[in-house]
Amino acid sequence: MTYTKIWADNENLSKEEKLKLEKDGLDILDDIPRYAREGFASIPQDQWNLFKWAGLYLQRPKEDGYFMMRVNVPSGILSNEQATTLAGIARDYGRDVVDITTRQAIQFHWLQIENIPDIFQRLESVGLSSVGACGDILRTIVGNPLAGIDPNELTDTREIVKDVYWYFQRNREFSNLPRKYKVSISANVNNAQNAEINCLSFVPAVKEVGGQEVVGFHMYVGGGLSAKPYLAQELDVFVAPEQVKEVTIAVSKIFRDYGYRDKRHRARLKFLMADWGPEKFKEKLLEYIALPSKGINRFEEWNAGYFYGVHKQKQAGKSYVGFNVPVGRMDSAELFELARIAKKYGSGEIRSCNSQNIVIPDVPDESVDVLLQENIFQRITVEPKNFIGYSVSCTGIEYCNLALVETKERMRQIAQYLDEKLELDVPVRIHMVGCPNSCGQRQIADIGLQGMKMRTKDKKMVEAFEIYVGGTLTNDAAFNQKLKGKINAEELGDVLVQFLRYFQEEKAAGESFNTF
Ligand code: SF4
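All values derive from a computational prediction rather than experimental measurement.

Enquirer: Any chance you could explain the overall build of the protein here in plain terms?
Expert: When helices and strands are tallied, the protein shows 12 helices and 22 strands. For the protein, whose C-alpha radius of gyration is 22 Å, the value lies close to the compact-globule estimate of 24 Å for 516 residues. Seen through its C-alpha atoms, the protein measures out along the principal axes to roughly 65 × 60 × 50 Å. Taking all 516 residues of the protein together, 50% fall into the buried category.

Encoded structure:
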């Protein structure tokens, strides 16, 4: 392809880039049926990495041949059929674990290559796909989990998200990006999309055109977490809803053709943006598409993707109900049950949030009370306690090859412990991650906990955590700051109790962690 010429002649390409020029990541899709017939042993080790483009990662230890699969859920919206299909996959193949990720996707664990073709077929039959959920490609698109029902959205973004997502699905013009590429599109005024930590975000805005106020989007570019986090920067442009796809294509071309490919750790769009700055980026973007300058940003207070409780929809007589899924993990029976309840009382849809929780929409107001009586809502609660309700965790050492420590179950237990020991009048958002890659988005938490290994005085290697405090997005967005030292994982619960007791004693009534 001609566009690869732009970087293929670069003598300094990283080894990963050279491999990608030999074989496109999406080519693995052609090989999977054969590997499935011939078994895991037939897969050459140098092909393992390419499975990411199919949404598959080898779990630890890789040699055992078990895969994690991430399924894209654009905007977090699942139809009833899609939800039951996902539950069926977890029950039949995945040792019964369904994880909601911090980008509204669904993850399974313990899959074997023999079963992947059937899983692909099941996903495809209901319009779902894991392709592009991992790898150097446009990932699932984060959207407003309330799109179409949200009294706090400027416009319904469901069709825009779908249109962009399907344009990029399996699109070989964009299957070899320098690295992962995260896009969010939402018109929710409470920044449910966590705009500033995406590579590219479209956020709600208005502009006066011909004496009339029109609704559209502003753009944030170059955000991302991991070891060197950046907040995305706003470009001085206004994007009409019908231009979102073309603008996404243009930014993707810029990233594809100008993004860094010599050092893997500098390959994200955030590094290009940091070097260029918003003016130069805008100038380059305007070479692809004409855009007017920006209007008025319509962000209000950040909600961090939490929607607990019963809320009126924009449709009269209907409510949506937000529930806590503790640290985003459930089993297939729970997902089947949620789907049954969503169908019985609502439209059947279930929506996932980047806080790793769910929303059941379209419940007639008069059915809300009876819905809340269903047994499952003893655990998946509508009004969770302040710690378990606001705890987020990445996958951790149980499945993740890069993890340094256990996270998921540890975060759940610590949150439960904090709820037993402390009663605060405000929630405290705690995010736990098992390594600096920060899939659990620890930088934006009130309290971020980052796992590491530590040598004790008696020279034993143990699991430990660094503590970071004060992360927030929108209106003076800032990443949290590291406190001195590290804490042995065994002492983490008690240290947090002490720390939060201090917060409880010193703060004013109703004062939140961020204003403290
Ligand atoms: Fe794995 Fe690290 Fe991501 Fe956690 S943050 S899931 S440990 S890569």
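Enquirer: Got a minute to help me understand the site of the ligand in this structure?
Expert: Near the ligand, the surroundings consist of 13 residues, among which Cys394, Cys400, Ala403, Gly434 and Cys439 are the closest. Taken together, the residues of the shell around the ligand break down into 7 nonpolar, 6 polar and no charged.

Enquirer: Teacher, can you tell me more about the packing of helix 6 (residues 158–168) against helix 7 (residues 244–258) here?
Expert: Two numbers describe a pair of packed helices, the interaxial angle and the distance between the axes. Where helix 6 contacts helix 7, the two axes come as close as 9 Å, and the packing angle between them is 35 degrees. For the element pair helix 6 and helix 7, the recorded crossing hand is right-handed. Across the interface between the two elements, Ile160, Asp163, Val164 and Tyr167 of helix 6 pack against Val244, Lys245 and Thr248 of helix 7. Each residue belonging to the contact of helix 6 with helix 7 can be placed in one class, and the counts come to 4 nonpolar, 1 polar and 2 charged.

Enquirer: Looking at this structure, I do not really get the environment of alanine 147. What am I missing?
Expert: Tracing the backbone through its elements, the reader meets alanine 147 in the loop between strand 6 (142–143) and helix 6. Through-space distance from the C-alpha of alanine 147 to that of arginine 351 is 9.8 Å; in sequence the pair is 204 residues apart. Not counting residues up to four positions away in its chain, the partners in contact with alanine 147 are Ser75, Ile77, Glu153, Asp156, Thr157 and Arg158.

Enquirer: Help me understand the environment of isoleucine 467 in this model?
Expert: Position of isoleucine 467 among the secondary structure elements: in strand 20 (residues 461–469). Spatially, the C-alpha atom of isoleucine 467 lies 14 Å from that of methionine 454, the residues being 13 residues apart in sequence.

Enquirer: Is there a simple way to think about the sheet that holds strand 5 (residues 106–111) in this case?
Expert: Two orientations exist for strands paired in a sheet by backbone hydrogen bonds: parallel and antiparallel. Spatial ordering of the open sheet is given by 1-2-5-4-14, a layout of 5 strands whose pairing is antiparallel. In this open sheet, the two strands that pair with only one neighbour each are strand 1 (56–58) and strand 14 (329–330). Note that strand 4 (residues 98–100) and strand 5 share 2 bridges and pair antiparallel. Residue aspartate 99 lies in a different strand from strand 5, and its bridge partner there is glutamine 107.

Enquirer: When you look at the sheet that holds strand 13 (residues 318–323) in this model, what are you seeing that I'm missing?
Expert: With respect to topology, 5 strands assemble into an open sheet ordered 3-15-16-13-12, the strand pairing being antiparallel. For this open sheet the edge positions go to strand 3 (77–78) and strand 12 (309–312), each flanked by a neighbour on one side alone. In the sheet, strand 13 pairs with strand 16 (residues 358–364) via 5 bridges, with the strands oriented antiparallel. The residue bridging serine 319 from the neighbouring strand is valine 363, located in strand 16.

Enquirer: In this structure, what is going on with unusual backbone geometry? I would like to understand it.
Expert: Of all residues except glycine, most have a negative phi; of all peptide bonds, most are trans. With omega at -15 degrees, the peptide bond leading from arginine 60 into proline 61 counts as cis. Along the chain, proline 61 turns up in the loop between strand 1 and strand 2 (67–71). Phi is positive for glutamine 441, close to 55 degrees, though the residue is something other than glycine. Structurally, the position occupied by glutamine 441 is in the loop between strand 18 (430–433) and strand 19 (447–455).

So, how was this worked out
- Residues numbered from 1 in each chain as written.
- Predicted model: local features only at pLDDT ≥ 70, side-chain atom pairs only at ≥ 80, totals over all residues.
- Helix = DSSP H or I, 4+ residues; strand = E, 2+ residues; numbered from the N terminus.
- Rg over C-alpha atoms; globule rule 2.2 N^0.38 Å.
- Buried ≥ 20, exposed ≤ 12 C-beta atoms within 10 Å, placed from the backbone.
- Near = placed C-beta within 6 Å.
- Nonpolar A, V, L, I, M, F, W, Y, C, P; charged D, E, K, R; others polar.
- Axes fitted to C-alpha atoms, helices over the stretch in contact; angles between N-to-C directions.
- Left-handed = near helix turned anticlockwise from the far one by under 90°.
- Contact = placed C-beta atoms within 7 Å.
- Pairing = 2+ DSSP bridges.

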